[in-house]
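For reference, the chains in residue letters:
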Amino acid sequence: MSPFDGGTESHLSMNRVNGWLENCLSSHKRCAVALVSSDNNPPLPTRVLDLGFRESDPIRLVETRGEKGHYTCLSYCWGNSAFIKTTKATIGRYQENIGFDELPPTFQDSVKITRGLGIRYLWIDALCIVQDDAKDWKREAVRMAHVYQNSCLTISATWADSPKRGLFSSRTILEEEPFISRVFEHAEADGTEMIQDEDSPVLARGWTFQERLLSPRILHFRKWEIGWECTESIACECHFSTYAKNTELFEHASRFERLKLAFSRYIAGEEAAGIVPEKLWKMLVGSYSSRNLSIKSDRLVAISGVADLIQRRTGWQYLAGLWKETLLQDLGWAAGVSSKIAKLKGFGSPHWQAAEQFERRFPTWSWASIDESVSWPGEQWLTLRVKDTDWMHHAQVIDAGCTLATSSPTGPVLDGFIDMECPLAPIRYTELRILTTLNRYNSSVVTLDQGISASPYRKDGPFYLAPLCTIDSWQQVALILMAAKCSPNCMVRIGSCWWGYNEEASASCLERMIINWKWKLAFMKKRQRIRIV
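Residues numbered from 1 in each chain as written. Predicted model: local features only at pLDDT ≥ 70, side-chain atom pairs only at ≥ 80, totals over all residues. Heavy atoms only, no water.

Right, let's talk about the side chain of threonine 86 for a bit. Tracing the chain through its elements places threonine 86 in the loop between strand 3 (71-75) and helix 2 (91-96). Given a relative accessible area of 1%, threonine 86 falls into the buried group. In this structure threonine 86 touches Leu61, Ile91, Tyr94, Ala126, Leu127, Ile129, Val130 and Gln131, once residues within four positions along its chain are discounted. (Helix = DSSP H or I, 4+ residues; strand = E, 2+ residues; numbered from the N terminus. Buried < 20%, exposed > 50% of the residue type's maximum accessible area, 1.4 Å probe, protein only. Contact = heavy atoms within 4.5 Å.)

The following block contains the structure:
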């Protein structure tokens, strides 16, 4: 019998799901949590949907008040169409009963899957968080990571772009003589995920990054098949990617799958893995920052659970997406080459006109202040497992801190500051225009941050180059700063500069002359004390 007989809701598919789950619970040490075990039940989230024990039982929203038990979570795209949500006006009625027919198809299918696995409770954010209560949302948002981490299973509506699409698909198989193709490619040879946004919109969402990273087990409902992902193995119906993560076959997994394994091994305290936390964090941020968020201010909230686990493991102080203990290395992040502003050839009027549509958040030295993907260009080639980088610091952090927006130290912030002593060289507006011009390799010596606006900043500067460090004696890293209009004694970050052998080879003579002179000029003067906000 073909593994593709029937849709993804077929008995064959559901039997396969039960087999994956039972195998994980019985034989995976990292994943081992018994499905029914009174002495090993995790704490339930603040609210869950109580599905009862029988299909005829009512569905109720319940306050758990510290109770323990096993539950599933739903990971899905909200989409643009209206669907049922818990509000201050409806919470009382939903605690009495939620009609099955009131639920959109994806929620209904999740209820069926959860009941079919013999699990009583289900967590769905739209129903378990009061959506028009700001205090409730803030409180539950910082707990969301623990909700997924403690779940027995996360059900992912991977292929659907809204709750009205459902989990299941009929998965039509294209038959072409002389063979029938039933194997789907999941990753390129270099580990890049082939699943495109239009095929798997859930994987492009910012919130699902930590949902997928922290969930011990995920059941993916894709357009063509169902797939399994846990801490120790990956499987799918076409058997293309069925392997344990401790085998050589795992080298063909996607970058995210390899990143998740490294993260789980580090958090579990596996010293033999040799994971360097600062490099792990930068890779996590690079992957996360490329995803989409409907509410841009959620940038720090949607990764706070991941940051919390790393903070617990390292004991470091978290500062709006960076770490105080590695602050000089972290500050050199660069906006992605896909940035709407980075694509503009120059720093002149077109740049400022385009920038007006963006709203820059504070603190400007945090990658969370922009809505674009970020990276640390000079470190992309470094291995995750070896602390092999030689850092020569040219600046010194005197003090740094943030004003928290909630009680969570890894949650959103209202503002922040960094007091440092560093070399400083003035740089003219015309020189910045040259250094931000894209070369034939679609890169530039200076990368400007997204969201730079003429207000509250002054378009005419003054601008400064502030050297931070030199990596392995050849890669120079600096910040591009501007005097802040909001405070004459403060500066704001407007970009970063990465300059090394590779950049010098592709740069023009004029670019080389400007950057080399500015770098030398900065060190001709006494280090200055500045505050960056």
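Text resumes after the structure shown.
It is worth spelling out the pattern of salt bridges at this point. Scanning all chains against the criterion turns up 23 salt bridges. Put simply, glutamate 102 and arginine 93 hold a salt bridge, and the shortest N to O gap is 3.4 Å. The exposure class assigned to glutamate 102 is partly exposed, which follows from its relative accessible area of 35%. Notably, a salt bridge pairs glutamate 140 with arginine 139, separated by 3.9 Å at the nearest N-O pair. The exposure class of glutamate 140 is buried, given its relative accessible area of 3%. (Salt bridge = Lys/Arg side-chain N within 4 Å of Asp/Glu carboxyl O.)

In this section: the confidence of the model for the protein chain. Summing up the model confidence of the protein chain, the mean pLDDT is 81 and the portion of residues at 70 or higher is 77%. Here residues 33-39 is a poorly scored stretch, pLDDT under 50, and it has 13 contacts once near neighbours within four places are set aside; other chains count. Across residues 187-192 the pLDDT falls below 50, and counting only partners more than four positions away or on other chains, this stretch makes 13 contacts in the model. (pLDDT = per-residue confidence, 0-100.)

Take helix 10 (residues 304-314) next. With eight of 11 residues buried, helix 10 is to be regarded as a mostly interior element. Along helix 10, the residues classified as buried are Ser304, Gly305, Val306, Ala307, Asp308, Leu309, Ile310 and Gln311. Where the residues of helix 10 are buried, they touch helix 6 (144-149), helix 7 (207-214), helix 8 (255-267), helix 9 (277-288), strand 12 (318-319) and strand 13 (322-323). Taken from the residues just after helix 10, glycine 315 is the one with a positive phi, measuring 80 degrees.

This brings us to the nonpolar core. With 119 residues, the main nonpolar core has Leu49, Phe107, Trp123, Trp281, Leu284, Trp367 and Met420 as its most contacted residues. With six residues, the single largest contributor to this core is helix 1 (residues 11-27). Filtering out sequence-adjacent residues up to four positions away, tryptophan 367 remains in contact with Trp281, Val285, Tyr288, Arg299, Leu300, Ile303, Gly321, Leu322, Trp333, Val374 and Trp376. Judged by nonpolar contacts, the second largest core, of 21 residues, contains Met482, Ile494, Cys497 and Trp499. (Core = buried A, V, L, I, M, F, W, Y, C linked by side-chain atoms within 4.5 Å.)

With that out of the way, let us pick up the environment of threonine 86. Sequence separation of threonine 86 and leucine 61 is 25 residues, and the distance between their C-alpha atoms is 9.3 Å. A polar contact of 2.6 Å, which involves the side chain of threonine 86, links it to the backbone oxygen of leucine 127. (Polar contact = N/O pair within 3.5 Å; in protein donor to acceptor, adjacent residues only side chain to side chain.)

Looking now at unusual backbone geometry. Cis peptide bonds are those with omega within 30 degrees of zero, and the linkage from phenylalanine 362 to proline 363 qualifies with -5 degrees. For arginine 65, which is not glycine, the phi torsion reads 50 degrees and is therefore positive. Along the chain, arginine 65 falls in the loop between strand 2 (60-63) and strand 3. Arginine 65 sits in the exposed class, given a relative accessible area of 74%. At alanine 320, a position not held by glycine, the phi torsion is positive, near 50 degrees. With respect to the secondary-structure elements, alanine 320 resides in the loop between strand 12 and strand 13. Residue classification places alanine 320 among the buried residues on the basis of a relative accessible area of 3%.

Turning to the pairing of strand 18 (residues 413-422), a few remarks are in order. Sheet faces and side chains relate simply in a regular strand, where the side chains alternate between the two faces. Of the pairings in the sheet, the one linking strand 17 (residues 396-404) to strand 18 comprises eight bridges and is antiparallel in character. Residue pairing for strand 18: glycine 401 is matched across the bridge by phenylalanine 417. (Pairing = 2+ DSSP bridges.)

What follows deals with helix 8. Between the first and last C-alpha of helix 8 there are 18 Å, a value that for 13 residues agrees with the 18 Å anticipated at 1.5 Å per step. The complete set of buried residues in helix 8 reads Phe256, Glu257, Leu259, Lys260, Leu261, Ala262, Phe263, Ser264 and Tyr266. Within two residues after helix 8, glycine 269 carries a phi angle of roughly 80 degrees, on the positive side. (Expected span 1.5 Å × (residues − 1).)

Topologically, histidine 28 is positioned in the loop between helix 1 and strand 1 (47-50). What makes histidine 28 buried here is its relative accessible area of 8%. With sequence-adjacent residues up to four places away left out, histidine 28 is seen in contact with Asn23, Cys230, Glu232 and Ser233.

Following the sequence through the fold, leucine 203 ends up in the loop between strand 7 (179-180) and helix 7. For the pair leucine 203 and tyrosine 76, spaced 127 residues apart in sequence, the C-alpha separation works out to 9.3 Å.

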